[in-house]
Amino acid sequence: MTFETDAAGERLPNGERRRWWKEAVVYQVYPRSFADSDGDGVGDIRGIVDRVGHLDDLGVDVVWLNPVYESPQADNGYDIADYRAIDEQYGTMADWEELLDTLHDHDIRLIMDLVVNHTSDEHDWFQNALTSRDADYRDYYIWREGRDAAEVDETYDVGPDGEVPPNDWESFFGGPAWAYHEATGEWYLHLFDRKQPDLNWENPDVRDDVFEMMNWWIEKGIDGFRMDVINLVSKPEGLPSTDPEAGIRTIDRVTNGPRVHEFLGEMRDRVLDRGFLTVGEMIGDPLPGEHARRYVSPGPDGDGLSMLFHFEHVLLDRGERIWETTDWDLTDLKAVFDRWQAAFADEGWNSLYLNNHDQPRMVSRFGNDGEYRRESAKLLGTLLHTLRGTPYVYQGEELGMTNYPFESLDDFRDVGTLNPVRTALDRGVVESFDAVKEALRANSRDNARTPVQWSDEEHAGFSDAEPWISVNPNYDEVNAEAERADEDSVYHYYRRLVEFRHENDVVVYGDYDPLTPDHESLWAYTRTLGDERLFVVLNFADEATTYDAPAELVGDATLALGNYDDDDGVDETLDLRPWEARVYRTR
Ligand code: TEU
């Protein structure tokens, strides 16, 4: 099938051009945990094909598929051994092609995950690189000599005697970011797991191969890419160590490097076109505004990505380590969103997400997953679907799925949880699992990775076999079958949100104006496009809250959407019930 292109899209009342990816709702599928069709306990591509009806009924426009490429699965597919092959756990290339066709038949586009900051250590390139210092592919990766241990004041338990890693960078998964290769006597850089060596983008052959591979997928008919940690591809010259005194951490050293815009500009010219949806994952906190603007600017000095994922709102409650949490309140969350809404008010575009495969479940984190699970899941959905930007729904979010009640380290599967915690336990940095249990329950990426709850049957209808990671015990109550049967469910509310967006340009393109930046529990704002206006009020609290709304907004307001089934009327004094969300049409 062919989708209309919008290269010269029609202009809206505010002068902005229509773009299909601004109007779209994206649904993220983490294939390992979505649906298992062949009874091995691991989700697969046929499982997704079987469930396309669920996505179609929800009304979403795009699927972002997490990696399904051939991989030893050290990081659930973010360690790719062959970019042009499907991992046999997930199926075959024919299955993938059927998925693409089936989605397109339902007017749903497909974007693939592009993981090119690193490969798997089992990739042929890296295997070749290991053979000698002058191997053909040696320079596809980042190799350095170690430092003399006598000259630095750092202790390591890796590498040969008397030698320490080339610099002091730490892997995001804990421990040093370098691994020693005995046969060739050098160290390679791995910002993630040691099975994920970083590619050397300074080498033009690497870029040629990456761009060729991207074009190969485009030829197959995909509609865009989600780009994994794409702001890590340019490393700073000389790979300088961190500078704790100046507050410069590893992440500050390796993000938004000196050539990143040059590399992305090359990608734009050789691969991309504005008809695709491209979303770059930009790690680091904060993401400098100047870089943010350039990543998404369509102008001549911009990299031309459709949008980016920043991390500022999902780091508010995080300490430096996975077992640390910090306090946040609603004013902090609003401040982050308000800043980003303002940053892309005229140029650029926001992505809107509150969870994904790396983050805990949003209703457990930003809502109340107990008494007000349903109301708060709907409120958070209302927020995501009525801000200016493209909403991303993570699988199970539309069912109001919650965090998992982890009890022991054996319950976890994620390398990003297990590596740092095991290292910390070994070194005595952390006393016991119990000492960090609450924080891991709050923070672990595995919260998002438990199987999608399809029904109240065994294994939640995800698989006939024991799943690779436990099903959340609340599946008998929280599952797709029950949600579909109940008109008042989170699922049906999400359907209305998606439809509301599709039917109202003001939701997509309207200007955002915050009304209550300093209020501790209310988030109110307007969206305005030409003579259309929406007025949104969200009560982020377990208690009722009263809001004295501006008279001109409530004058002739009518309720367009709300998460309580009765309309409580409209007055200058709005009495909002716990976790109540209301969207009014007004003037
Ligand atoms: O994530 C980047 C990343 O930095 C996270 O893993 C981060 O460490 C985590 O969210 C802590 O909050 C991307 C992928 O989304 C992730 O699944 C991969 O593990 C990672 O890159 C490496 O490819």
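The structure displayed is predicted, hence computed values, not measured ones.

This part is about the nonpolar core. Of all hydrophobic cores here, the largest spans 153 residues; its most connected members are W96 and M267. Ignoring any residue separated from it by four or fewer positions in sequence, one finds M267 in contact with L114, W201, F211, M214, M227, I230 and L272. Counting 13 residues, the second-largest nonpolar core is a separate cluster that includes I322, W323, Y404 and A424.

A separate point is the site of the ligand. Every one of the 16 residues lining the ligand counts as a neighbour, but D75, D228, H357, D358 and R445 are closest to it. The contact in question runs from an oxygen atom of the ligand to an N or O atom on the side chain of E281, over 3.3 Å. In the environment of the ligand, an oxygen atom lies 2.8 Å from a nitrogen or oxygen atom belonging to the side chain of R445. Coverage of the ligand by the protein chains reaches 91% of its 490 Å² of free accessible surface.

Moving on: the side chain of Q196. Position of Q196 relative to the elements: it lies in the loop between strand 10 (186–189) and helix 6 (204–219). Relative accessible area serves as the criterion here: at 0%, Q196 is assigned to the buried category. Of the polar contacts made by the side chain of Q196, one reaches the side chain of D75; its length is 3.0 Å. Excluding residues within four positions of it along the chain, Q196 makes contact with D75, Y78, D79, H118, T119, F173 and H190.

Once that is clear, we can look at the side chain of N447. Secondary-structure assignment places N447 in the loop between helix 14 (433–443) and helix 15 (480–485). Polar contacts involving the side chain of N447 include one to the main-chain amide nitrogen of Y404, which spans 2.9 Å. At 3.0 Å, the side chain of N447 forms a polar contact with the backbone oxygen of S444. N447 has contacts with P360, R361, T402, N403, Y404, F406, L440, R441 and A442, leaving out every residue within four places of it along the chain.

Looking now at the packing of aromatic side chains. A ring pair, where both rings are aromatic, is described by two values, the distance of the centres and the angle of the planes. A full pass over the atoms with the stated rule returns 34 aromatic pairs. The interplanar angle of 70° and the centroid separation of 5.6 Å between the aromatic rings of W328 and F366 together place this pair among those described as edge-to-face. In this pair, W328 is assigned in the loop between strand 13 (307–309) and helix 10 (330–343) and F366 in the loop between helix 11 (362–365) and helix 12 (373–386), connecting sequence segments 38 residues apart. Residue W328 is classed as partly exposed on the basis of its relative accessible area, which comes to 28%. Grouping aromatic residues by their ring pairs yields a cluster made of F337, Y512, W523, Y525, F540 and W579. Here R109 stacks its cationic end above the ring of W20, 3.7 Å away from the centre of that ring. A cation over a ring is seen here: R138 above W143, with NZ or CZ 3.6 Å from the ring centre.

Here is what the cut-offs are and how they apply
Residues numbered from 1 in each chain as written. Predicted model: local features only at pLDDT ≥ 70, side-chain atom pairs only at ≥ 80, totals over all residues. Heavy atoms only, no water. Core = buried A, V, L, I, M, F, W, Y, C linked by side-chain atoms within 4.5 Å. Buried < 20%, exposed > 50% of the residue type's maximum accessible area, 1.4 Å probe, protein only. Contact = heavy atoms within 4.5 Å. Near = heavy atom within 4 Å. Polar contact = N/O pair within 3.5 Å; in protein donor to acceptor, adjacent residues only side chain to side chain. Areas by Shrake-Rupley, 256 points an atom, 1.4 Å probe, with all protein chains shown as cover. Helix = DSSP H or I, 4+ residues; strand = E, 2+ residues; numbered from the N terminus. Phe/Tyr/Trp six-rings, centres within 6.5 Å; stacked < 30°, edge-to-face > 60°. Lys NZ or Arg CZ within 6 Å of the ring centre and 35° of its normal.

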